[in-house]
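# Fold and contact review
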Amino acid sequence: MRLNIALFGVAREIVGQPTLEIETAAGQSARGLLSELHARYPALAALSSLAVAVNNEYAADDAPLHERDEIALIPPVSGG
Amino acid sequence: MIHIDLTDQPIAVADALRSVEADGAGAINTFIGTVRNQSTGRAVIRLEYEAYDSMALHQLRKVAEQAVAQWPMLQKVTVIHRKGTLHIGDVAVVVAVSTPHRAESFAACQYIIDTLKQVVTIWKKEFYQDGDVWVAAHP
């Protein structure tokens, strides 16, 4: 399946673009997606944390992803 | 009774305070986050806030709803966060709550700003004379 991933903050700068299209196995989990991205962009693994958001909620590690989902990478937040 | 906003315009603090006025409230409590001139000893020139807007608004509302669930006496809650470029002294965030008595107003206001900083998808980049850093990005 093909996922469109929105990138923000330091993750957007590491990847060098605001969105990323990635071809991955059907039913890939949030954890599995992060593993693939860490391999492609090692600097992502050096962040204090990196979460996956699905449809505006933080995803559990084993949550399966779907093509229709709105997926985003969430580096450490620093609002306030 | 919950008002949430994310804006690239200066926050109208007085309007935010007025928005939580309520006849049943004996206390209005506010937190105003402003841009400081230094960070871990380095002089800060400006900040840039970036947001994942749809998730930030959704999570801000959830935080406010959690506060209402925990302090059901809350009359009104307003949370407004700025994004874009900010300079020293600018207001980055305003949390305002109203309650019948003061103790719950302090507790709810602190809960909202503390939780906001942990979960809301907003990112701050600090700019110095000699570089820039995404705050909290690296250990």
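Our structure is the block above this text.
Below is a summary of the structure that appears in this document. (Residues numbered from 1 in each chain as written. Chains lettered and ligands numbered in written order. Predicted model: local features only at pLDDT ≥ 70, side-chain atom pairs only at ≥ 80, totals over all residues. Heavy atoms only, no water.)

### With respect to the side chain of Lys-83 of chain B
Residue and element names in this part refer to chain B. Mapping Lys-83 onto the fold places it in the loop between β6 (76-82) and β7 (84-87). In this structure the side chain of Lys-83 is engaged in a polar contact, spanning 2.4 Å, whose partner is the side chain of Asp-53. If we skip the residues at most four places from it in the chain, Lys-83 touches Leu-6, Thr-7, Asp-8, Tyr-49, Ala-51 and Asp-53. (Helix = DSSP H or I, 4+ residues; strand = E, 2+ residues; numbered from the N terminus. Polar contact = N/O pair within 3.5 Å; in protein donor to acceptor, adjacent residues only side chain to side chain. Contact = heavy atoms within 4.5 Å.)

### Remarks on the interface of chain A and chain B
In many reports, interface size means the accessible area that the parts give up when they come together. In this assembly, 22 residues from chain A lie in contact with 29 residues from chain B. At the boundary of chain A with chain B, total buried surface from both sides reaches about 2,100 Å², with 52% on carbon and sulfur atoms. Interface area lost by chain A to chain B is led by Asn-56, Ser-78 and Gly-80 of chain A, which between them contribute 28%. The interface formed by chain A and chain B holds three salt bridges in total. Linking chain A with chain B are 24 residue pairs in polar contact (both at pLDDT 80 or more). Of all the secondary structure elements, the ones that give two or more residues to the side of chain A that touches chain B are α1 (9-15), β4 (57-58) and β5 (71-74) of chain A. (Buried area = accessible area lost by both parts, 1.4 Å probe. Salt bridge = Lys/Arg side-chain N within 4 Å of Asp/Glu carboxyl O.)

### Quick look at the sheet that holds strand β10 (residues 131-134) of chain B
Residue and element names in this part refer to chain B. Spatial strand order, β7-β5-β9-β10: four strands in an open sheet with antiparallel pairing. Strands with a single pairing partner mark the edges of an open sheet, and in this sheet they are β7 and β10. Taken over all neighbouring pairs, the strand axes of this sheet differ in orientation by 25 degrees on average, direction set aside. By the bridge criterion, four bridges tie strand β5 (residues 46-51) to β7 in an arrangement that is antiparallel. Note on β7: the bridge partner recorded for Tyr-49 is Gly-84. (Pairing = 2+ DSSP bridges. Axes fitted to C-alpha atoms, helices over the stretch in contact; angles between N-to-C directions.)

### Side note on helix α2 (residues 53-70) of chain B
The α-helix winds at 3.6 residues per turn, so residues separated by three or four positions along the chain end up facing the same way. Residues and elements named next belong to chain B. A rise of 1.5 Å per residue sets the reference length of α2, with its 18 residues, at 26 Å; its end C-alpha atoms lie 26 Å apart and thus fit the reference within 8%. By the burial criterion, the buried members of α2 are Met-55, Ala-56, Gln-59, Leu-60, Val-63, Ala-64 and Ala-67. The buried residues of α2 occupy an angular sector of 165 degrees when projected down its axis, which confines them to one face. (Expected span 1.5 Å × (residues − 1). Buried < 20%, exposed > 50% of the residue type's maximum accessible area, 1.4 Å probe, protein only. Arc of directions from axis to C-beta.)

### A look at the sheet that holds β4 of chain A
Pairing is mixed across the open sheet formed by five strands, whose spatial order is β2-β1-β5-β3-β4 (chain A). Looking at the sheet topology across the chains shown, the edges are occupied by β2 (19-23) and β4 of chain A.

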